[in-house]
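Residues per chain, in single letters:
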Amino acid sequence: IRLDDQARKIAGNVYLPDLILLLQSKDNPELTADPKLIDRLYHQNIGTFIAARGFVAVVPDSRLVNMDPNPNYTFQVDRDALWPSGAEDVTLSMKWAADNLSDIADTEAIFAMGHSAGANHLATSILLPQFIPSHPELLRGLKKVVALSATFDYIYSREQRKFAWSRYFGGFEMIEERCPTALAKHLKGGGARGLPELLCLHARRDHFGAIDPQKRFWDTWVEKGGRGEMKEVAGKEHNRMSTICGVGSGDDEVEQWLVDVLEWCLDGDA
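Nothing here was measured: the structure is a model prediction, and the numbers come from that model.

Visitor: Explain the overall build of the protein chain to me, and be specific about the residues and the numbers.
Guide: Counting its secondary structure elements, the protein chain contains 13 helices and six strands. Counting all 270 residues of the protein chain, 47% fall into the buried class. For the protein chain, the share of sequence-separated contacts (at least 6 apart) that also reach a separation of at least 24 residues comes to 75%. Accessible surface, the protein chain: about 14300 Å² in total, of which carbon and sulfur atoms supply 51%.

Visitor: Quick one: what's the story with the packing of helix α5 (residues 85-100) against helix α6 (residues 117-127), residue by residue and with numbers?
Guide: Put simply, α5 and α6 touch, their axes get as near as 8 Å, and they point 80° apart. As judged from the angle between their axes, α5 and α6 are roughly perpendicular. Residues Gly86, Ala87, Val90, Thr91 and Met94 of α5 pack against His121, Leu122, Thr124 and Ser125 of α6. When grouped by side-chain class, the residues that make up the contact of α5 with α6 number four nonpolar, five polar and no charged.

Visitor: I'd love a proper account of α6, names of residues and values included.
Guide: For α6, a buried count of nine out of 11 residues is recorded, marking the element as mostly surrounded by other parts of the structure. Among the residues of α6, those classed as buried are Ala119, Asn120, His121, Leu122, Ala123, Thr124, Ser125, Ile126 and Leu127. Among the structural elements, α5, β3 (110-115), β4 (142-148), α8 (159-169), α10 (180-186) and α11 (208-223) are those in contact with the buried residues of α6.

Calculation notes
Residues numbered from 1 in each chain as written. Predicted model: local features only at pLDDT ≥ 70, side-chain atom pairs only at ≥ 80, totals over all residues. Heavy atoms only, no water. Helix = DSSP H or I, 4+ residues; strand = E, 2+ residues; numbered from the N terminus. Buried < 20%, exposed > 50% of the residue type's maximum accessible area, 1.4 Å probe, protein only. Contact = heavy atoms within 4.5 Å. Areas by Shrake-Rupley, 256 points an atom, 1.4 Å probe, with all protein chains shown as cover. Axes fitted to C-alpha atoms, helices over the stretch in contact; angles between N-to-C directions. Parallel < 35°, antiparallel > 145°, perpendicular 65-115°, else oblique. Nonpolar A, V, L, I, M, F, W, Y, C, P; charged D, E, K, R; others polar.

If you want it as structure tokens, here you go:
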């Protein structure tokens, strides 16, 4: 969400140029006390980088799959992810931002970005009619969507991830009809024309399990009238995680991909 002029004056620079030093430090007491702190840090660095460039940045959480191997585990609806909870979490977060941040931001110009599973949830949230499309004002305000290193059809992965996917989708056999690529195929002819412009991104060294599905999804998206572009991020050595963790390093070449994304978001909307 873009800052209005007044908010831009008071926002200040919350960029963390020393993030890479923190991530590299083996003796940092904060990381030792809370090993999962790094998981929050590498999303915080994205938010602070974006905020420092004139946006109001919202970094939401989402429910996670319960990885208890016991088939009789107790499912908790408020904590455990079960399809399509990811799309629901994305929609609720975006709706909250649009409803509550109008005092400091132009909530009629919203941009959303998801990485990996987050990109899949984001795609699902615009493809299923009960989520973002069911909120006309939110849909109008959502100008552009960015999907980074999305898997989209979930065909290739390690066995542990296959277990998580199977549990999330309600059975591995359900992936074929519930994944974002399948949802795009289910759109009626031209059904993607009214959806936000989409930027599909992958890194040069992404696993083919992300690059190949992205091409399949993109072909379907275009066939259904979807707008946007698909491209490789700047940075020849980037992989699925270096794009995210590299933001905050202070290395212009490493961070260029995100600068490009922000420029794409504002293109035609500045």
